[in-house]
Amino acid sequence: MGGGAALLGTPLYAGITATAVFAPAETTPSAIGACAQIQNPVLMFTGSQDCITPTANHAGPMFAALDSVCKTHVDITGGNHCYFGDYNFNCNFGETTTGCSPGISREQQHEKVFALLLPWLRFYLYDQADQWAVFQEKLCTTEGLVVTQDCPTATAAPSPATPITLRLSPNPALRELLVQTSGQLEATPSGFTAIDSAGRSCELSFQALSEGWMLDVSALPPGFYHLRMRSKKGEIRAGFIKN
């Protein structure tokens, strides 16, 4: 559940620059639902022989739901679920019982992952601009990959800068939720809406403060919510948990 949990948690912390996951699994609350709130870059790896978290039921819907400024899905031909990590008897035994077997070795799967992951991390975490070209070159030349990429221009380096995001505190919240932004807004917010995992929405009352906006969430049932802050320039989204 590590990959799904990483995606579930990404909208909850504005300090996350980029997110990379391996064979993510759907979670409760829904990681698929949370992906609609993710705007930072995402790199997602899956294996074509993964019978524990088949792409069609897990990573596929997550990738489609992502609102990321630049997202890349790499499906490794012959790769399986357990080979993304080191040897683990319980994982290997569980995957064997599903009837799937890997088409490549663990070492081969790791080699393909690191060939892509390392330049991607260097670009987004260390601002090494030349590593974007390395990442793209590896996507094209590494054998046994099925790649789906949605970036402004796949062959040109996107800006590593993170768009304006929301900072929510406390998170989880009980009665009130303070909303702050990571940068200067072009327009004053006109409203805030909380949407639960079933898609039901609730308009929240709020008070403008010098440090942000204080929302009244006391009437919301406990659970995970998507928060949408609206203005004439559009909307900004984030996730929070109501206790």
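Residues numbered from 1 in each chain as written. Predicted model: local features only at pLDDT ≥ 70, side-chain atom pairs only at ≥ 80, totals over all residues. Heavy atoms only, no water.

## Some thoughts on the nonpolar core
With 20 residues, the main nonpolar core has F45, V74, I76, W120 and W132 as its most contacted residues. Contributing elements (two or more residues each) for this core: β2 (42-47), β3 (71-76), α5 (106-126) and α6 (131-141). Of the residues forming this core, the biggest block, six residues, is contributed by α5. When sequence neighbours within four positions are dropped, the list of residues in contact with F45 reads V21, F22, A23, P24, V74, I76, F84, V113, L116 and L117. F192, V217, L220 and Y225 belong to the second largest nonpolar core, which has 19 residues in total. (Core = buried A, V, L, I, M, F, W, Y, C linked by side-chain atoms within 4.5 Å. Buried < 20%, exposed > 50% of the residue type's maximum accessible area, 1.4 Å probe, protein only. Helix = DSSP H or I, 4+ residues; strand = E, 2+ residues; numbered from the N terminus. Contact = heavy atoms within 4.5 Å.)

## Quick notes on the pattern of salt bridges
Enumeration according to the criterion identifies two salt bridges in this entry. Residue R230 is joined to E203 by a salt bridge in which the shortest nitrogen-to-oxygen separation is 2.8 Å. One end of the pair, R230, is in strand β11 (residues 223-231); the other, E203, is in strand β8 (residues 201-204), with 27 residues separating them in the sequence. On the basis of relative accessibility, which here comes to 28%, the residue R230 falls in the partly exposed class. (Salt bridge = Lys/Arg side-chain N within 4 Å of Asp/Glu carboxyl O.)

## Structural notes on the sheet that holds strand β5 (residues 166-169)
Strand order in the open sheet made by the four strands is β5-β6-β10-β9, with antiparallel pairing throughout. Pairing within the sheet leaves two strands with one partner each, and these edge strands are β5 and β9 (206-209). When the angles between neighbouring strand axes are averaged without regard to direction, this sheet yields 25°. Two elements, β5 and strand β6 (residues 176-181), share four bridges in a ladder whose sense is antiparallel. If you follow L168 over to β6, its bridge partner there is V179. (Pairing = 2+ DSSP bridges. Axes fitted to C-alpha atoms, helices over the stretch in contact; angles between N-to-C directions.)

## Here's the deal with the sheet that holds β3
What holds strands together in a sheet is hydrogen bonding between their backbones, with the strands either parallel or antiparallel. The mixed open sheet is built from four strands, whose spatial order is β1-β2-β3-β4. The open sheet has two edge strands with one neighbour each: β1 (19-22) and β4 (145-150). Recorded for the sheet is a direction-independent mean angle of 10° between the axes of neighbouring strands. As defined by bridge partners, β1 adjoins β2 across four bridges and the pair is classed as parallel. In the sheet register, T19 faces β2, and the bridge partner there is V42.

## Some details on the packing of α5 against α6
The interhelical angle for the contact between α5 and α6, taken along N-to-C directions, is 160°, at an axis separation of 8 Å. By the angle between their directions, the pair α5 and α6 is classed as roughly antiparallel. At the point where α5 passes α6, the crossing takes the left-handed sense. Of α6, the residues touching α5 (which contributes A115, L116, P119, W120, R122, F123 and Y124) are Q131, W132, V134, F135, K138 and L139. (Parallel < 35°, antiparallel > 145°, perpendicular 65-115°, else oblique. Left-handed = near helix turned anticlockwise from the far one by under 90°.)

## A word on α6
When α6 is considered as a whole, its buried residues turn out to be Q131, W132, F135, Q136 and L139. Considered in projection along α6, the buried side chains sweep an arc of 145° and stay on one side of the axis. Turned more than 90 degrees away from the buried face of α6, the exposed residues are A133 and C140. Looking at the buried residues of α6, the elements they touch are β2, β3, α5 and β4. (Arc of directions from axis to C-beta.)

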